[in-house]
Amino acid sequence: MKPAARAYHAFAFAWLAGKAAVLLVNAVHFPRLRSRPTPAGGPRVSILIPARDEAANLPLTLPGVLAQGADEVIVLDDSSTDGTAEIACGLGARVVRGQPLPPGWFGKPWACQQLSILASGDILIFTDADVTWHAGALGAVLHELERSSADLLSVQPRQSNQTVGERLLTPLVDAAVLSYFPYPAIKQPQAAATIANGQVMAFRRVALEGAGGYALVRRELLEDMQLARRLKARGGVVASALGQNVIGVRMYRSYPESVRGFSKNVLPIHLHSRPLLLLSAVAHLAVYTLPWFFPVPGARMLRVVGILERTAVSLIAGRHQPADLLEGLLGPLTPLLALPVYVRAARRRVVWKGREYPQGGEEKD
């Protein structure tokens, strides 16, 4: 075997072995939510929903949130143009019109900052408008928040992919968390040893306000991870859990929508480094796609392991339906389908929900 071939073989199998080890750790240690009744006589709970052009999602998700038994549910209408406020109000939520976006703020942090000021709860739970809360979800979140003694508990909702287009990229959310971050590391004091998912973030109010609130991340596209890290750096306890059959989400409805959605977060995930972004794209192509088209060393085993890895991610995330498990067959195509995400992410500015944001070294104002 030539030196280049040996190097490729060693790199590919070392990477996959490392990810397999992380998956095994998370299969054992990553907390899972389980439906529980909402406790009586506990702390006052506010469920807070930042909403911008969410008229399609709210009729499907808001009734489940309202049924949880929280002390209050507030929907902040962030300058929507599609009747979001009217729909939320008609469903029975308290709706507040958001203030215009001030200089120096990005959209979601500003919406969450306003919600945190409006809320009266001791526990503040921020949840996206596309997240579905099933019976017993609030009790599950409160139980896990107490069990973990966390100041911030974020939830990784179970993906609800219904079309082929959704299945092409959306499962990468679970793969990124479950195969790269060994959950026990979250107990380490280093702020970098932290994960969070902004789709569901449950804070103890005193901890959030004591750390500075969403003003800490007012100019961040990846505000969830950054807020969790900065809270931890200030002595806060951070935890996470898998939503399983309690909390789910349908993030994107098509492949193009997935490309647009993921492209706003990929550069921050890669530490705002475009060389690292390029290296990531090349590495994934080399390990997962190349063995299917070229006789690279260990090609047969690489194909098998790549498919099994995706299947293992689905199982750990609680996605057990045949169509979910068959997503593993898409593994060889995923790095190719993700290329448009990398290309868009490398740009100096990204657009999301009608707003344009600078990223990667430009002044964020």
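Residues numbered from 1 in each chain as written. Predicted model: local features only at pLDDT ≥ 70, side-chain atom pairs only at ≥ 80, totals over all residues. Heavy atoms only, no water.

Caption draft 1: Broad picture of unusual backbone geometry. Positive phi, normally seen in glycine, also occurs at Asp-53, with a value near 55 degrees. As for its position among the elements, Asp-53 is in the loop between β1 (45–51) and α2 (58–66). Residue Asp-53 is classed as partly exposed on the basis of its relative accessible area of 32%. In this structure, Lys-353 is a non-glycine residue whose phi angle is positive, near 50 degrees. As for its placement among the helices and strands, Lys-353 is situated in the loop between β11 (349–352) and β12 (355–358). On the basis of relative accessibility, which here comes to 31%, the residue Lys-353 falls in the partly exposed class. (Helix = DSSP H or I, 4+ residues; strand = E, 2+ residues; numbered from the N terminus. Buried < 20%, exposed > 50% of the residue type's maximum accessible area, 1.4 Å probe, protein only.)

Caption draft 2: The sheet that holds strand β8 (residues 200–204), seen in detail. Across the sheet, which stays open at both edges, the seven strands sit in the order β3-β2-β1-β4-β8-β6-β9 with mixed pairing between neighbours. Two strands bound the open sheet, and with one partner strand each, they are β3 (94–97) and β9 (238–242). Taking each pair of neighbouring strands and ignoring which way they run, the sheet shows an average axis angle of 20 degrees. Bridge count between strand β6 (residues 152–156) and β8: three bridges; the pairing is antiparallel. Counterpart to Leu-153 in the pairing with β8 is Ala-202. Strand contacts of α2: β1 and β2 (72–77), with the helix running at about 150 degrees to β2, the strand carrying the most contacts. (Pairing = 2+ DSSP bridges. Axes fitted to C-alpha atoms, helices over the stretch in contact; angles between N-to-C directions. Contact = heavy atoms within 4.5 Å.)

Function-wise, these values are silent; they only describe arrangement.
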